[in-house]
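Chains, contacts and geometry: an overview
Chain by chain, the residues run as shown.
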Amino acid sequence: MKLINLVNLVNLVKLKALALAVAINPDFISGWKLKAKVEWDLFLYSEAIASYGMYLKLCPDDFNIWTTVGALHNAIGKSQEALQCFDKAIAINPEFVSAILNKGYACSRLARYEDAIESYDEVLYLVPGHYQALLNKGHSWQCLGQPDKAVACYLDAIAANPNDCREATANLVNCRIAMNLAAEKKELLTFQQYLKAKYN
């Protein structure tokens, strides 16, 4: 706890110095970038977004930072704004996997599951067997009520990363339980319909 407090204190001192530096020189590119990083470390997400915004005015083609700002928007629940940032990053670098993956996540948070799956497929085209893309794609298929396709994704995720696949394994088990319950429910309803037709 004391170490965390010390780190926060150091970051606050850094932040004060950086705020003064960019106030004196608003075109201090690395100053805005460093200020935003310190604000992120202090969980000052809105402030970090504002500082990165100033940086991007000076360096608008930095697709890494557009992706970072998108992640910050996601962290504060602004998925639509996050999506816009990821689109800007992808427009600059169409093969930037991190931006495409995060775009899928933002789409999923907006319940745009088909769009999310499209993004995950783009990632898998660029990086076959990408564990997180397979995991997220499976979740999107679950949300669309297609557990069979979700199961296929989770199995592929486990095959891609067998040494660290706890989440995929847990999702696979839950998905199969749901599928079995649905099948049992269907059988029960069919039996009830049979009884009703026979004895009514």
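Rules behind the numbers
- Residues numbered from 1 in each chain as written.
- Predicted model: local features only at pLDDT ≥ 70, side-chain atom pairs only at ≥ 80, totals over all residues.
- Heavy atoms only, no water.
- pLDDT = per-residue confidence, 0-100.
- Helix = DSSP H or I, 4+ residues; strand = E, 2+ residues; numbered from the N terminus.
- Salt bridge = Lys/Arg side-chain N within 4 Å of Asp/Glu carboxyl O.
- Buried < 20%, exposed > 50% of the residue type's maximum accessible area, 1.4 Å probe, protein only.
- Disulfide = S-S within 2.5 Å.

**Side note on the confidence of the model for the chain**
Per-residue confidence for the chain gives a mean pLDDT of 89, with 88% of residues at or over 70. Predicted confidence in the chain is weakest over helix H10 (residues 166–199), with a mean pLDDT of 69, and strongest over helix H7 (residues 113–126), with 98.

**Digging into the pattern of salt bridges**
Oppositely charged side chains may form a pair once their charged atoms are brought near each other. Per the stated rule, a full pass over the model turns up six salt bridges. For Asp-121, the salt bridge identified is with Lys-137, shortest N-O distance 2.7 Å. Note that Asp-121 is positioned in helix H7 and Lys-137 in helix H8 (residues 131–143), a separation of 16 residues in sequence. Residue Asp-121 is classed as partly exposed on the basis of its relative accessible area, which comes to 34%. For the salt bridge of Arg-166 with Asp-164, the shortest nitrogen-to-oxygen distance reads 3.8 Å. You can call Asp-164 partly exposed: its relative accessible area is 41%.

**Topic: the state of the cysteines**
On inspection of all chains with the given rule, the structure shows zero disulfides. Of all cysteine sulfurs in the structure, the one in Cys-175 sits closest to Cys-153, which takes part in no disulfide; the separation is 9.6 Å.

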